[in-house]
Amino acid sequence: MDDIQNILKNRRTIRSYADKDVDNDLLNNILEMGCRASTTGNMQVYSIVVTKDNDKKKELAPCHFNQPMITSAPVVLTFCADFNRFNKWCLAREAVPGYDNFLSFFTAAIDALLVAQTVCVAAESAGLGICYLGTTTYTADKIIEVLKLPRGVVPVTTVTLGWPADRPEQVDRLPLDAVVHKEEYNDYSTETIDLFYKEKEERADSKQFVVENNKKTLAQVFTDIRYSRKDNEHFSGVLLQVLKNQDFL
Ligand SMILES: Cc1cc2nc3c(=O)[nH]c(=O)nc-3n(C[C@H](O)[C@H](O)[C@H](O)COP(=O)(O)O)c2cc1C
């Protein structure tokens, strides 16, 4: 318990990796622990694609906007919502699957994310460093091509995995009171928003971020640059088309 508490309290995302392989026994052990995560109806409606081959990583890199972790990490894991395997089992057993709909995609995406996070904790407990890549949902159409994902399978997140080459400072979190509601949702007032975001806004790195991006507030860095309406709407269109192509809509 102590160990897991230390791991969870002290973790941080690792984006820089030593030039050292993660051996297959260790990787399999981590993946086995990950697959112990809770899963809807014990259906395991997910798949994990392991990429270790350098050429394949180079093919994946543009799908992740060339974030350097893709080619520098020894292991890239793509976690997919997957009803393909389950559908095939049903059809082979005189059972008619009804999983070509949005709810089933969401179910499978939840399963995939639970496995992903459990794999991450297992990896971190073995001393490895991880980084999630949110770019997966932006370019799911291209990842489907690179990884040859059949209908019924949609990539939902990617994790790079390797031995840490540095130990960056832990980044901030909002105070617990900002995210935990007791018994009922307690909506935020202007005063509580000010209070909960104060520490984040006053950090030197946040202030530098605002200046570097030529913005007035930290929130504007998110709305105008990092996660803009234009990008969100564009990539929503891509993802909706992927869900249609992969038989979920
Ligand atoms: C779904 C998801 C997507 C993420 N995508 C990226 C990414 O594309 N690139 C990156 O460098 N970090 C990415 N991260 C890592 C976050 O930036 C990081 O978890 C956050 O800044 C908090 O830092 P910490 O994990 O060190 O506490 C992602 C994290 C999550 C959960």
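Right above here is the structure, for reference.
These notes cover the structure that comes with them. Computed from a prediction, not measured in an experiment: that's the story for all the values here.

**Observations regarding the site of the ligand**
Right, so step 1: Lining the immediate environment of the ligand, one finds Arg11, Arg12, Thr13, Arg15, Gln67, Met69, Cys131, Tyr132, Leu133, Gly134, Val171 and Arg173.
Right, so step 2: Residue Arg11 places a side-chain N or O atom 3.2 Å away from an oxygen atom belonging to the ligand.
Right, so step 3: Side-chain polar atom of Arg173 to an oxygen atom of the ligand: 2.9 Å apart, as the coordinates give it.
Right, so step 4: Ranked by the residues each element gives to the shell around the ligand, the list is headed by strand β3 (residues 129–133), at three residues.
Right, so step 5: Here the shell around the ligand is composed, by residue class, of five nonpolar, three polar and four charged.

**Structural notes on a nonpolar patch on the surface**
Right, so step 1: A contiguous nonpolar surface patch, about 550 Å² in accessible area, is contributed by Phe102, Phe106, Ile110, Leu114, Leu240 and Leu249.
Right, so step 2: The element best represented in the nonpolar patch is helix α6 (residues 102–125), accounting for four residues.
Right, so step 3: Assignment of secondary structure puts Leu114 in helix α6.
Right, so step 4: Leu114 gets classed as partly exposed once you look at its relative accessible area, which sits at 39%.

**Observations concerning the nonpolar core**
Right, so step 1: Grouped together as the largest cluster of nonpolar side chains are 52 residues, with contacts concentrated most on Leu60, Leu77, Phe79, Phe105, Val119, Leu128 and Leu161.
Right, so step 2: Of all the elements, α6 adds the most residues to this core, at 10 residues.
Right, so step 3: Filtering out sequence-adjacent residues up to four positions away, Leu161 remains in contact with Tyr17, Leu27, Ala73, Pro74, Val75, Leu77, Ala123, Leu128, Gly129 and Ile130.

**A short note on unusual backbone geometry**
Right, so step 1: With a phi angle near 50°, Phe65 is a residue other than glycine that sits in the positive phi range.
Right, so step 2: Along the chain, the position of Phe65 falls in the loop between α3 (54–60) and α4 (69–72).
Right, so step 3: Using a relative accessible area of 44% as the deciding quantity, one classes Phe65 as partly exposed.

What counts, and at which threshold
Residues numbered from 1 in each chain as written. Predicted model: local features only at pLDDT ≥ 70, side-chain atom pairs only at ≥ 80, totals over all residues. Heavy atoms only, no water. Near = heavy atom within 4 Å. Polar contact = N/O pair within 3.5 Å; in protein donor to acceptor, adjacent residues only side chain to side chain. Helix = DSSP H or I, 4+ residues; strand = E, 2+ residues; numbered from the N terminus. Nonpolar A, V, L, I, M, F, W, Y, C, P; charged D, E, K, R; others polar. Patch = residues over 30% accessible without salt bridge, like charges linked within 9 Å, V, L, I, M, F, W, Y side chains within 5 Å. Areas by Shrake-Rupley, 256 points an atom, 1.4 Å probe, with all protein chains shown as cover. Salt bridge = Lys/Arg side-chain N within 4 Å of Asp/Glu carboxyl O. Buried < 20%, exposed > 50% of the residue type's maximum accessible area, 1.4 Å probe, protein only. Core = buried A, V, L, I, M, F, W, Y, C linked by side-chain atoms within 4.5 Å. Contact = heavy atoms within 4.5 Å.

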